[in-house]
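An overview of the molecular structure
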Amino acid sequence: MSNGIPSARDLLDNKANQLFAGKVVRKDLVRKVKVGANVPVFVLEFLLGKYCASSDEIAIQMGLQVVNDTLANNYIRPDESAKAQSKVKESGRYSFIDKVKVRLVDSDYWAEGVNFNNKFLHIPSQYVRDYERLLMGGVWAQVDMRFETDEESKGKNPFWIDKLVPIQIATFDLDEYRNVRKQFTTDEWLDLIVRSMGYEPGEMSRRLKLLFLVRLIPLAERNYNLVELGPRGTGKSYVVQEVSPYTALLTGGTTVANLFGHMSGRQKGMVQIWDVVGFDEVADLQKMPKEVITTMKTYCESGTFQRGQEAVAGDASIAMFGNTNQPIDVMVQTGHLFAPMPDTIRDDMAFIDRLHFYLPGWEIPQMRNQLFTDHYGFVVDYLAEALRDMRKHNFTEIIDRFFFDGGTPQCARS
């Protein structure tokens, strides 16, 4: 358990490092660097895996220094694009960390450095063939860039990518993941996933571990609607915010057009773009147009909604989080468990019936240092890819192998 002194490796650490070499990282190191660096977690974990993959504490401390230096000197922040471009020009070459996207313009591939703030970077076609996610939203990567002009281009588009090393997982093999999974017991796997989320399962009951895992279901299941109501400070929205790059967390109000797309169909809505759309404070729904609630009710039932004359489908799961301001026994005696929800939902049984799981947030302890692990877990980007890949597969028929409801077998809502 985290108390400032790293725990010795245990059997699960050794097993994870042996079977998932390069795909696990010590989670206390992530927290240590994250405090002073406002960068994506998967960037930190890539660097930690590269420079701190050791069981020797001195080597780890030296690696941490390299990580901090790399973030200070090579990570481009959004307000440093002009400085980065100048470095490439003045030095002729420069290596940095940025998110790279690729698009096809006529017959040429052009890369975009998001924080580098240039949309016309030359990139070898081989990288586009090797890393398909460059074309699907982009990949965080280490980039070796050179500056080169010639008479023919007259100084236009002088930036060339010489080398690109993805930081995010660029390819994922579900069969390999499943085969290695078979070498872990159920309890070992449960603990490894909880550690991958950053928590230490050693003092947790099995029920508490499973409740933490429920937070991951919307990432692994299409059109899964989750609500978690509980006290403040229990990390309700952490998974949507930090574990996957394919999720979006809404803080504050939003519109029907933003969630479900424009009536003209020119722009897609969030439920078509993201795997999970989370509402950080469900009470904010009270301030939103009534059309948001009515459209969401339809979407939560069928995964489809009407925009103009067209019926549109989306795969995004919906996760709603809210704070309980009273002890649970008071809530039950004076009202019901949905009391913290806005009245547009609270008394709408049709909407409540569309929720697949109510996570009892009062059973989750408030976040404190002792809850965080200093053992190994999956790098979050690898875990996110595994969860995302599972969304393609349907396992609802499995319940019929074990249960029979007396009539036509069907999968009941949780």
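Since this is a predicted model, take the numbers as computed values, not measurements. Sequence order as written defines the numbering, with residues in each chain counted from 1. Thresholds applied to this predicted model are a pLDDT of at least 70 for local features of residues and 80 or more for the giving and counting of side-chain atom pairs; totals over whole chains, interfaces and linings are not thresholded and use all residues. With hydrogens and water excluded, all non-hydrogen atoms of the structure serve as input to the side-chain values.

1. A short note on the overall build of the chain
Across its full length, the chain carries 19 helices and 14 strands. When we talk radius of gyration, it's over C-alpha atoms, and the globule rule is simply 2.2 Å times the number of residues to the 0.38. For the chain, the C-alpha radius of gyration of 24 Å lies close to 22 Å, the compact-globule estimate for 414 residues. Reported as C-alpha extents along the three principal axes, the dimensions of the chain are approximately 75 × 60 × 40 Å. Categorising residues by exposure relies on relative accessible area from a 1.4 Å probe, with only protein chains included: less than 20% of the type maximum marks a residue as buried, more than 50% marks it as exposed, and the intermediate range marks it as partly exposed. Every one of the 414 residues in the chain was classed for burial, and the buried ones make up 47%. Sequence separation of at least 24 residues holds for 69% of the intrachain contacts in the chain that already meet a minimum separation of 6. A run of DSSP states H or I qualifies as a helix once it reaches four residues; a run of E qualifies as a strand once it reaches two. Both are numbered from the N-terminal end. Contacts are assigned to residue pairs with any non-hydrogen atoms lying within 4.5 Å of each other.

2. Here we look at the pattern of salt bridges
In what follows, salt bridge is the name for a side-chain nitrogen of Lys or Arg lying within 4 Å of a carboxyl oxygen of Asp or Glu. Scanning all chains against the criterion turns up 22 salt bridges. Notably, a salt bridge pairs Arg195 with Asp13, separated by 3.5 Å at the nearest N-O pair. Taken together, the residues Arg195 in helix α8 (residues 186–196) and Asp13 in helix α1 (residues 11–19) connect sequence positions 182 residues apart. Of the residues examined, Arg195 reaches a relative accessible area of 5% and is grouped as buried. Put simply, Asp10, Asp13, Arg195 and Glu200 are held in one network by salt bridges that share partners.

3. Section: the environment of Val380
Topologically, Val380 is positioned in helix α18 (residues 380–390). Between the alpha carbons of Val380 and Thr171 there is a distance of 14 Å; along the sequence they are 209 residues apart. Those residues in contact with Val380 that sit more than four places away from it in its chain are Lys27, Val41, Phe42, Glu45, Ser196, Glu242 and Val243.

4. What about the nonpolar core?
Here, nonpolar core means buried Ala, Val, Leu, Ile, Met, Phe, Trp, Tyr and Cys residues that are tied together by side-chain atoms lying within 4.5 Å of each other. Formed by 63 residues in total, the largest nonpolar core has its most connected members in Phe20, Leu48, Leu71, Tyr177, Trp189 and Phe378. For this core, the leading source of residues is helix α3 (residues 41–51), giving seven residues. Not counting the four nearest positions on each side in its chain, Tyr177 is found in contact with Phe20, Phe172, Trp189, Phe378, Tyr382, Ala386 and Met390. Counting residues in each nonpolar core, the second largest holds 31 residues, with Leu250, Ile293, Met296 and Cys300 among its members.

5. Some thoughts on unusual backbone geometry
In most cases, non-glycine residues show a negative phi, while peptide bonds are predominantly trans. The residue Asn117 is not glycine, and still its phi comes out positive at about 65 degrees. Locating Asn117 in the fold gives a position in the loop between β3 (108–113) and β4 (118–122). Residue Asn117 is classed as exposed on the basis of its relative accessible area of 54%. Although it is not a glycine, Asn157 sits at a positive phi angle of roughly 50 degrees. Assignment of secondary structure puts Asn157 in the loop between β5 (139–147) and β6 (159–166).

6. Here we look at the side chain of Arg391
Positionally, Arg391 belongs in the loop between α18 and α19 (399–402). In this structure the side chain of Arg391 is engaged in a polar contact, spanning 3.1 Å, whose partner is the backbone oxygen of Asp275. The contacts of Arg391, once residues within four sequence positions are left out, are Pro218, Leu219, Ala220, Glu221, Arg222, Asn223, Asp275, Asp315, Ala316 and Ser317. Whenever a nitrogen or oxygen atom comes within 3.5 Å of another N or O atom, the pair is scored as a polar contact, on the condition that within protein one atom can donate a hydrogen and the other can accept it, and that pairs from neighbouring residues in sequence are kept only if both atoms are in side chains.

7. Brief notes about the sheet that holds strand β7 (residues 225–230)
Should DSSP find at least two bridges between two strands, the strands are taken to pair. What the five strands build is an open sheet, ordered β8-β9-β12-β7-β13; its pairing is parallel. The sheet is open, and its two edges are formed by β8 (247–250) and β13 (357–360), each paired on a single side. Geometrically, the sheet is characterised by an average inter-axis angle of 15 degrees between neighbouring strands, direction not taken into account. Taken together, the four bridges between β7 and β13 define a ladder with parallel strand orientation. Within the sheet, the bridge partner assigned to Leu226 lies in β13 and is Phe357. Here an angle of 0 to 180 degrees is reported between the N-to-C directions of two axes, which are lines fitted to C-alpha atoms, with helices fitted over the stretch in contact. Along the sheet, helix α9 (residues 206–214) makes contact with β7 and β13, crossing β13 at roughly 130 degrees.

8. Notes on the environment of Asp79
Considering the arrangement of structural elements, one finds Asp79 in the loop between α4 (57–74) and α5 (81–91). Residues Asp79 and Asn117, spaced 38 residues apart in sequence, show a C-alpha to C-alpha distance of 9.5 Å.

9. Observations concerning the packing of α1 against α8
As a packed pair, α1 and α8 sit with axes 11 Å apart at the nearest point and diverge in direction by 80 degrees. With respect to α8, the element α1 is oriented roughly perpendicular. Residues Leu12, Asp13, Lys15 and Ala16 of α1 lie in contact with α8, whose contacting residues are Glu188, Asp191, Leu192 and Arg195. Geometric relationships in this document are graded by angle, where less than 35 degrees denotes roughly parallel, more than 145 denotes roughly antiparallel, 65 to 115 denotes roughly perpendicular, and other angles denote oblique.

10. Here we look at the confidence of the model for the chain
pLDDT expresses how confident the predictor is about each individual residue, on a scale running from 0 to 100. Confidence in the prediction for the chain averages 86 pLDDT; 93% of positions are at 70 or higher. Looking over the chain, one finds the lowest element-wise mean pLDDT in helix α15 (residues 328–334), namely 79, and the highest in α9, namely 97. Low confidence marks residues 409–414, where pLDDT is under 50. Its contacts with residues over four positions away, or in another chain, come to 14 contacts.

11. Quick look at α1
The set of residues buried in α1 consists of Leu12, Asp13, Ala16 and Asn17. Take α1 and look down its axis: the buried residues cluster within an arc of 130 degrees, on one side only. Of the exposed residues in α1, those oriented more than 90 degrees away from the buried face are Leu11 and Gln18. What the arc covers is the set of directions going from the helix axis to the C-beta atoms.

12. Section: the side chain of Glu112
Mapped onto the elements, Glu112 comes out in strand β3. Other than its neighbours up to four places away in sequence, Glu112 contacts Lys99, Val100, Lys101, Arg103, Asn118, Lys119 and Leu121.

13. A word on the packing of α8 against α9
For the pair α8 and α9, interaxial distance at closest approach is 10 Å and the crossing angle is 55 degrees. The angle between α8 and α9 places the two elements in the oblique class. The two elements α8 and α9 cross, and the hand of that crossing is left-handed. Here α8 contributes Thr186, Asp187, Leu190, Asp191, Ile193 and Val194 to the contact with α9, which in turn contributes Arg206, Lys209, Leu210 and Leu213. Crossings are assigned a handedness: left-handed for a near helix turned anticlockwise from the far helix by less than a right angle, right-handed for a clockwise turn.

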